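# Observations on chain architecture
In case you want the letters, here they are:
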Amino acid sequence: MAGALILAAAAGALALLLLAVRLWVVLSPRAPVPRRSLSLLVVAGSGGHTTEILRLLESLSNAYSPRHYIVADTDEMSTHKINSFEQNRADRNPSAAFPEYYVHRIPRSREVQQPWLSSVLTTLYSMWLSFPLTYRVKPDLVLCNGPGTCVPICISALLLGILGIKKVIIVYVESICRVEHLSLSGKILFHLSDYFIVQWPTLKEKYPKSVYLGRIV
């Protein structure tokens, strides 16, 4: 009996060690590989989050294609903004190929003023549906800026690397509204993202590992 317990404990310790090594490999920065195009997964959020993320996308070239947008299933306004953004982008460059973008919907992780206890359950449910979507898309890059919907998507992208399916670069840009304190999503994803960008020097001082580029939206 004692021998079996020791063997089980050793196996568990080995499994945890292998998982830790795998996680370290996934989170370790790698030299960028030149590519003709990058599949981009963009997480949009209600209100100002979508407006800010679309401002970021204005400066990206058409090499970031196809573009996959993730919105909450109840967020019709963000869908309208995305369609309008892509149409305006195509109108400005009529010689370019037909814009390749897709809008995907997942349940919200957390509604405004939702109790924290039930938020855990809704986030788990959202992640349960996010992983098959992320697996199907297999993006090269995930770009997000703080909506709660980005947490299950980023964790799903991280799992792709842990499982050896694909290394996905996660870029998190904290909202311009966050001057002195990170958002809840930012606090969760600070240690999981490959690049964590802040827009105020006060946040850079508090989080030295972050990247400060000034105001970018």
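Once a new chain begins, its residue numbering starts again from 1 and follows that chain's sequence as written. pLDDT decides what is reported in this predicted model: residues at 70 or higher carry local features, side-chain atom pairs at 80 or more are listed and counted, and totals for whole chains, interfaces and linings draw on all residues regardless. Side-chain numbers here rest on the full set of heavy atoms in the structure, without hydrogens or water.

- The name given to the protein in an unreviewed UniProt entry is UDP-N-acetylglucosamine transferase subunit ALG14, and the organism recorded there is Moschus moschiferus.
- Here the protein is described in UniProt, under the heading Sequence similarities (unreviewed entry), as follows: "Belongs to the ALG14 family." UniProt positions are given in the numbering used here, feature names are shortened, and annotations may be inferred rather than shown by experiment.

### Topic: the pattern of salt bridges
- Any carboxyl oxygen of Asp or Glu that lies within 4 Å of a side-chain nitrogen of Lys or Arg is treated as forming a salt bridge with it. One pass over the full model with this rule turns up four salt bridges.
- Across the salt bridge formed by Glu86 and Arg67, the nearest N and O atoms sit 2.8 Å from each other. With Glu86 in helix H3 (residues 76–92) and Arg67 in strand S2 (residues 67–72), this residue pair connects regions lying 19 residues apart in the sequence. For helices the rule is a DSSP run of H or I covering at least 4 residues; for strands it is a run of E covering at least 2, with both sets numbered from the N terminus onward.

### What to know about the nonpolar core
- Put simply, a nonpolar core is a bunch of buried Ala, Val, Leu, Ile, Met, Phe, Trp, Tyr and Cys residues held in one set by side-chain atoms that sit within 4.5 Å of each other. Only protein chains enter the accessibility calculation, which uses a 1.4 Å probe. A residue is then buried if its area is under 20% of the maximum for its type, exposed if over 50%, and partly exposed in between. Of all hydrophobic cores here, the largest spans 23 residues; its most connected members are Val142, Cys150 and Ile153.
- Within the residue set of this core, elements represented by two or more residues are strand S1 (40–43), helix H4 (116–137), strand S4 (141–144), helix H5 (150–162), strand S5 (169–173) and strand S6 (195–198).
- Any two residues whose heavy atoms approach within 4.5 Å are treated as being in contact. Those residues in contact with Val142 that sit more than four places away from it in its chain are Leu41, Val43, Ile153, Cys154, Ala157, Val168, Ile169, Ile170 and Val171.
- Listed in part, the 18 residues of the second largest apolar core include Tyr69, Val71, Val173 and Ile176.

### Description of helix H2 (residues 48–57)
- Three or more residues of H2 are buried, namely Thr50, Glu52, Ile53, Leu54, Leu56 and Leu57.
- At its buried positions, H2 is contacted by S1, S2, H3, S4 and S5.

### Some thoughts on H3
- To estimate the expected span of a helix, subtract one from its residue number and multiply by 1.5 Å. Its 17 residues give H3 an end-to-end C-alpha distance of 25 Å, which sits within 8% of 24 Å, the value for a rise of 1.5 Å per residue.
- Taken together, the buried positions of H3 are occupied by Ser78, Thr79, Ile82, Phe85, Glu86 and Arg89. The arc that holds the buried residues of H3, viewed along the axis, is 125 degrees, so those residues lie on one side. Residues of H3 that are exposed and point more than 90 degrees away from the buried face comprise Met77 and His80.
- Where H3 is buried, its residues meet H2, S2 and strand S3 (101–106). The arc refers to the directions leading from the helix axis to the C-beta atoms.

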